[in-house]
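# Commentary on secondary and tertiary structure
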Amino acid sequence: MDYQFQQIEKKWQEIWEKENTFKVLDDKTLPKFYALVEFPYPSGHGLHVGHPRSYTALDIVARKRRMDGYNVLYPIGWDAFGLPTENFAIANKIHPKKVTADNVANFKRQLKSIGFSFDWTKEINTTDPAYYKWTQWIFLKLFEKGLAYKQEMPINFCTSCKVGLANEEVVNGVCERCGSEVVRKNKSQWMLKITEYAQRLIDDLDDLNYIEKVKIQQKNWIGRSEGAEVQFAVSGTDDILTVYTTRPDTLFGATYMVLSPEHPYLDKYKDKIKNYEAAVQYREEAARKSEFERTELAKEKTGVKLEGLCAINPVNKKEIPIFISDYVLMSYGTGAIMAVPAHDDRDWDFAKKFDLPIIEVVSGGEDVQKAAYTDTDSGIMVNSGFLDGMEVKEAISAIRDYLEKEGIGKKKVNYKLRDWVFSRQRYWGEPIPLVHCDKCGWVALPESELPLTLPEVDNYEPTDNGESPLSKIEDWVNTTCPKCGGHAVRETDTMPQWAGSSWYFLRYIDPMNNDALASQEAINYWLPVDWYNGGMEHTTLHLLYSRFWHKFLYDIGVVNTPEPYAKRTSHGMILGENNEKMSKSRGNVVNPDDIVNEFGADTFRTYEMFIGAFDQATPWSMNGVKGCYRFIERVWNLQGLLTDEEGYSADMETTMHKTVKKVSEDIERMKFNTAIASLMALINDFYKKGSITRGELKTFLLLLNPTAPHITEEMWVLAGFEGKLHEAKWPTYDEAKTKDETVEIVLQVCGKLKDKIMVAAGLDKAGLEQAVLADEKVKKLLDGKTVVKTICVPDKLVNFVVK
RNA sequence: GCCGCUGUGGUGGAAUUGGCAGACACCCGGGACUUAAAAUCCCGUGGGAGCAAUCCCGUACCGGUUCAAGUCCGGUCAGCGGCACCA
């Protein structure tokens, strides 16, 4: 009988759908397992072969956990607000709601064709008012607790299209659509105080089972640094300038000061600055650049000296010049730095360019006139008054004490993390449920008015002044104040796409609830998420934002755990066959539909897992797909080798136990490629032997089922095994039976491989040495040589060091 | 530039805590089957020398630690992900 994957896969997918096979069980006494994958953005391009890599991986884990006896929640939904849909809608004159519905339908069909064990009764969509009601509710709670505030922040604005642009739409400083100049335009925007949670977001990582590189990247992103704020008097004024530095020890070496071009002193001392015009011009030029461009170390340093203003170094009372330069950002520290060219690379570059003095204050490096010496682990303070002779770390603490005592500075912890810009001047997002009343200021809508739905309009195109498209809808904008009943206007900016994805895992556990984002009962049972897999590209934004929201919800008593995800793993990208990122323009895109149609879902799933190390990027290969198809077909043809024997045959027993152990452990460690490799090796054994017992087939089908669920279910039924395969128990192994009786020992002389011999397994060092020395080959090998040392590694090798 | 990751045959990759480099596949070559082709099955397959036993070289590059290094340490080069309004 031929392997008819179309019929088999259709049959089982219909059974799973009809019987709701993967719906979570109501029984909350069972141990639970919550597996989560990043829900897709339903783009017009359809499913990418990268999506199923993550989805298959956790599908395998979820299916195995069900066989282990867990009540498993493995849900899916749609992160559907966002820019591409809106832009597609504008370009094609189709409403984003319609675009989204069409794309979701297509994604859903594709996901179902691959046979994932999602609980489809839990499906969610961030653009559904019943969902975003709760996104808005969380925002109102943040607002109520003072964690949402308004601030002037720059947006990208195309001077020709007259629209606000996302960073992605700005390519090399010009508008992606028309090629015109893009400027940064200030606009008052809603901000969320994620910085208030910075320390907890670092500290709580310690107890989480996240892969190490995710923890490191999050910590670096939050960027805690311990330093000091130092006050410099400004000559000719009563004012002071506060700088932040992580190297207060080098204060005696500060030979100039640099302000961010946006620093308020520029306008404040307009009259004192003789070259104010030049400074303003420089500020305008800087406004055109992104922060990324501004902080690039490789670029030539630029700046303007503020003529007429001087700062006084508080420790040695020396007058030093003040510059503005774009490498200093207003968004970090105080927007002002003291420059120590001898011990900072950027300051050194700047000092060379503007011919400023470079004074060594830490000795131990090369000539500071040739390069900055930035090492803090060795070196002794010089030219630094009372700090002279101290080591750097000693000096840091001494100067910090001195600054506090003298009242000219203080210890200060800073974070690179910045507050979250939460406003978008776009239509296709959650409306921000606030109104502005002339009398009462910003007022929250009462909970009873949620959800505040997006107005149904025909024209959702951007405005020509950078405002949100919603601002044009007058009868929506004008409303009454919930507090005083007077006239008020609605906030017209919408939320960023990150909003809906910051709490979606909470909605899955109780998606129909209209009274709370989820019931207490569901929260108590299902949280936290046990295993969350996603891309490395989400490490610093999505993952951090959702941890922040969850901590906030914990603080106000909505959830019962301080962290949302107990475990986080990450998958690598799938590249095109040419080893480049898949993209339409490169013409290297693989459509999952084509693979499923030609080879079947089981082959597709197997290949996605066999393609390479799960956490590594790897190129697609059609030949690799064919190889997996051959494997699946060989699985099908095992039916021709089947005997009547029930257990394992004697010569296969060790191999069977070994394979059960290997596959079980590899799935838990996400080594899916080697799990499949061991099943391939096993099937090769069956073919070499020409037979497989019923017991062996049963175990083989159980082990392969999470990876290739359709073919294994079908073969289970055809072989007449009891019940349905997915209801069976995961096979067990006996540790003692995974061990061979004899092992091969590697013989080395001076670390070089010379020979291999078989000895009994489990010998200790002395026993192994004895057994090896008794061997004829070894006697020959050591003939005429003096053994200086013998290294024995039980069950592995013996190494003779000879003279 | 900053932060993080990666580098192993012709290709994807494998190799618990340092202990046989190349598992499992793909490609390629040879054979069986076939009128033929496809499919399938069997064999070979890191490079070099040799009839052979066997020997030498080999995990991006340079150096170090060790009886032993793909694995640890220092440096260099190359590629990839992120850099806050793509998601």
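Residues numbered from 1 in each chain as written. Chains lettered and ligands numbered in written order. Predicted model: local features only at pLDDT ≥ 70, side-chain atom pairs only at ≥ 80, totals over all residues. Heavy atoms only, no water.

### Things to note about helix H18 (residues 592–599)
Selection criterion: Note on exposure labels: buried denotes an accessible area under 20% of the residue type's maximum, exposed denotes more than 50%, and partly exposed covers the range between, all computed with a 1.4 Å probe on protein chains only. Each helix is a run of DSSP H or I of at least 4 residues and each strand a run of E of at least 2, with the numbering of both proceeding from the N terminus. Note on contacts: a residue pair is in contact if any heavy atoms of the two residues lie within 4.5 Å. In protein, a polar contact means a hydrogen-donor-capable atom and an acceptor-capable atom, both N or O and within 3.5 Å, with residues adjacent in sequence counting only if both atoms are side-chain atoms; elsewhere, any N or O pair within 3.5 Å suffices.
Within H18, the full set of buried residues consists of Pro592, Asp593, Ile595, Val596 and Phe599. Contact partners of the buried residues in H18: helix H1 (5–19), helix H4 (96–113), helix H19 (601–610) and helix H20 (622–637). With a side-chain oxygen lying 2.9 Å from the backbone nitrogen of Asp593, the N-terminal cap of H18 falls on Asn591. Phi for Gly600, located one or two positions after H18, is positive at around 100°.

### Observations regarding H19
With nine of 10 residues buried, H19 lies mostly within the body of the structure. Within H19 the residues assigned to the buried category are Ala601, Asp602, Thr603, Phe604, Arg605, Thr606, Tyr607, Glu608 and Met609.

### Some words on the sheet that holds strand S24 (residues 487–490)
Note the cut-off: Following DSSP output, two strands are said to pair if at least two bridges run between them. In this analysis, axes come from line fits to C-alpha atoms, helices being fitted only over the stretch in contact, and the angle between any two N-to-C directions falls in the range 0 to 180 degrees.
What the four strands build is an open sheet, ordered S22-S21-S24-S23; its pairing is antiparallel. Either end of the sheet is taken by a strand with one partner, and the two such strands are strand S22 (441–444) and strand S23 (478–480). Taking each pair of neighbouring strands and ignoring which way they run, the sheet shows an average axis angle of 45°. Direction of pairing for strand S21 (residues 434–437) relative to S24: antiparallel, over a ladder of three bridges. Within S24, the position partnered with Cys437 by the bridge is Ala488.

### Focus on the side chain of Asp249
Counting through the fold element by element, Asp249 comes out in the loop between strand S12 (240–245) and strand S13 (256–259). At a separation of 3.0 Å, a polar atom in the side chain of Asp249 contacts the side chain of Arg247.

### Focus: the environment of Ser331
Turning to its location among the elements, Ser331 is positioned in the loop between strand S15 (319–324) and strand S16 (336–339). Note on Ser331: relative accessible area 34%, which makes it partly exposed. Those residues in contact with Ser331, other than ones at most four positions away along the chain, are Glu291 and Arg418.

### Comments concerning the sheet that holds strand S10 (residues 209–210)
Strands sit in the order S2-S1-S25-S26-S10 across an open sheet of five strands; the sheet is parallel. Of all the strands in the sheet, just strand S2 (71–73) and S10 have a single pairing partner and so form its edges. As defined by bridge partners, strand S1 (residues 32–37) adjoins S2 across three bridges and the pair is classed as parallel. Of the residues in S2, the one forming a bridge with Phe33 is Val72. Where helix H2 (residues 51–67) meets the sheet, its contacts fall on S1, S2, strand S25 (531–535) and strand S26 (567–571), and the angle it forms with S1 comes to roughly 170°.

### Concerning the pattern of salt bridges
The condition that has to hold: We define a salt bridge as a side-chain nitrogen of Lys or Arg found within 4 Å of a carboxyl oxygen belonging to Asp or Glu.
With the rule as written, the count across this model stands at 42 salt bridges. Residue Glu563 is joined to Arg547 by a salt bridge in which the shortest nitrogen-to-oxygen separation is 2.8 Å. Here Arg547 lies in helix H17 (residues 542–555) and Glu563 lies in the loop between H17 and S26, a separation of 16 residues in the sequence. As far as the burial class goes, Glu563 and Arg547 line up, both buried. Note that Lys737 and Glu653 form a salt bridge whose closest N and O atoms lie 3.7 Å from each other. Taken as a pair, Lys737 in the loop between helix H24 (709–718) and strand S29 (742–749) and Glu653 in helix H21 (residues 653–668) lie far apart in primary sequence, 84 residues in all. Assessed through its relative accessible area of 37%, Lys737 is described here as partly exposed. According to the relative accessible area criterion, Glu653 is partly exposed, its value standing at 29%.

### Considering the packing of aromatic side chains
Going by this rule: Planes of paired rings set the category: under 30 degrees apart is stacked, over 60 is edge-to-face and the rest tilted, where pairs are Phe, Tyr or Trp rings (Trp by its six-membered ring) whose centres lie within 6.5 Å.
Applying the stated criterion to the full structure yields 52 aromatic pairs. Plain terms: the ring middles of Trp420 and Phe422 are 5.2 Å apart, the flat faces sit at 85° to each other, and that makes the pair edge-to-face. According to the relative accessible area criterion, Trp420 is buried, its value standing at 2%. Between Phe686 and Phe700, the aromatic rings sit 6.3 Å apart at their centres with planes inclined by 75°, giving edge-to-face as the arrangement.

### Some thoughts on the environment of Thr302
Considering the arrangement of structural elements, one finds Thr302 in the loop between helix H10 (291–295) and strand S14 (304–312). Separated by 272 residues in sequence, Thr302 and Leu30 place their C-alpha atoms 65 Å apart. Excluding anything up to four places from it in sequence, Thr302 contacts Tyr282, Ile324, Ser325, Asp326, Phe350 and Phe354. At 2.6 Å, the side chain of Thr302 forms a polar contact with the side chain of Tyr282.

### A short note on the pairing of S21
In terms of strand pairing, S21 meets S22 through four bridges, oriented antiparallel. Considered in S22, the bridge of His436 is made with Trp442. Connecting S21 to the antiparallel partner S22 that follows it, the hairpin turn spans three residues.

### Quick word on the packing of H19 against H24
Under the convention used in this document: By definition in this entry, angles of less than 35 degrees are roughly parallel, angles greater than 145 are roughly antiparallel, angles of 65 to 115 are roughly perpendicular, and the rest are oblique. Amino acids outside the nonpolar list (Ala, Val, Leu, Ile, Met, Phe, Trp, Tyr, Cys, Pro) and the charged list (Asp, Glu, Lys, Arg) are all regarded as polar, and Gly is one of them.
The N-to-C vectors of H19 and H24 enclose an angle of 125°; their axes lie 7 Å apart at closest approach. Compared by their axis directions, H19 and H24 come out oblique. Contact with H19, carried on its side by Ala601, Asp602 and Arg605, involves Pro709, His710 and Ile711 of H24 and no other residues of that element. Among the residues making up the contact of H19 with H24, the classes are represented as three nonpolar, one polar and two charged.

### Observations regarding the pairing of S24
Consecutive side chains of a regular strand alternate in pointing toward one face of the sheet and then the other. Taking every second residue as pointing to the same face, the buried face of S24 carries Ala488 and Arg490, while none of His487 and Val489 on the other face is buried. The pairing of S23 with S24 spans three bridges and is antiparallel. Bridge assignment links Asn478 to a residue of S24, and that residue is Val489.

### Thoughts on the environment of Gln6
Structurally, the position occupied by Gln6 is in helix H1. A C-alpha to C-alpha distance of 9.0 Å links Gln6 and Val596, two positions 590 residues apart in sequence.

### Here we look at the confidence of the model for chain A
As a reminder of what qualifies: On a range of 0 to 100, pLDDT expresses the predictor's confidence in each residue.
Per-residue confidence for chain A averages 92 on the pLDDT scale, and 99% of its residues sit at or above 70. Reported for the predicted complex are a pTM of 0.93 and an ipTM of 0.94.

### Looking at the protein's contact with RNA strand B
Threshold: Residues are labelled near a given molecule or strand when at least one of their non-hydrogen atoms is within 4 Å of it.
What surrounds RNA strand B is a group of 63 residues, the closest being Asn167, Gln497, Ile611, Lys756 and Asn799. Of all atoms in RNA strand B that approach within 4 Å of the protein, 62% are sugar or phosphate atoms. Contact between RNA strand B and Glu168: a phosphate oxygen at 2.7 Å from a main-chain N or O atom of the residue. Within the side chain of Arg634, an N or O atom sits 2.7 Å from a phosphate oxygen of RNA strand B. Among the residues making up the surface near RNA strand B, the classes are represented as 29 nonpolar, 20 polar and 14 charged.

### Considerations on the packing of helix H7 (residues 212–222) against H17
At their nearest, the axes of H7 and H17 sit 11 Å apart, and the two run at 75° to each other. In terms of axis orientation, H7 runs roughly perpendicular to H17. Residue-level inspection shows Val214, Gln218, Trp221 and Ile222 of H7 in contact with H17, the latter providing Leu543, Leu544 and Arg547. Residues belonging to the contact of H7 with H17 are distributed by class as follows: five nonpolar, one polar and one charged.

### Some details on unusual backbone geometry
The residue after Leu450, namely Pro451, is reached through a cis peptide bond having omega 0°. Positionally, Pro451 belongs in the loop between S22 and helix H13 (474–477). The amide bond that connects Leu527 to the next residue, Pro528, takes the cis arrangement and shows omega of -5°. Here Pro528 is to be found in the loop between helix H16 (520–526) and S25. Not every positive phi belongs to a glycine, and Lys93 is a case in point at roughly 55°. Owing to a relative accessible area of 66%, Lys93 belongs among the exposed residues under this scheme. Here Lys317, not a glycine, exhibits a phi torsion of approximately 60°, which is positive.

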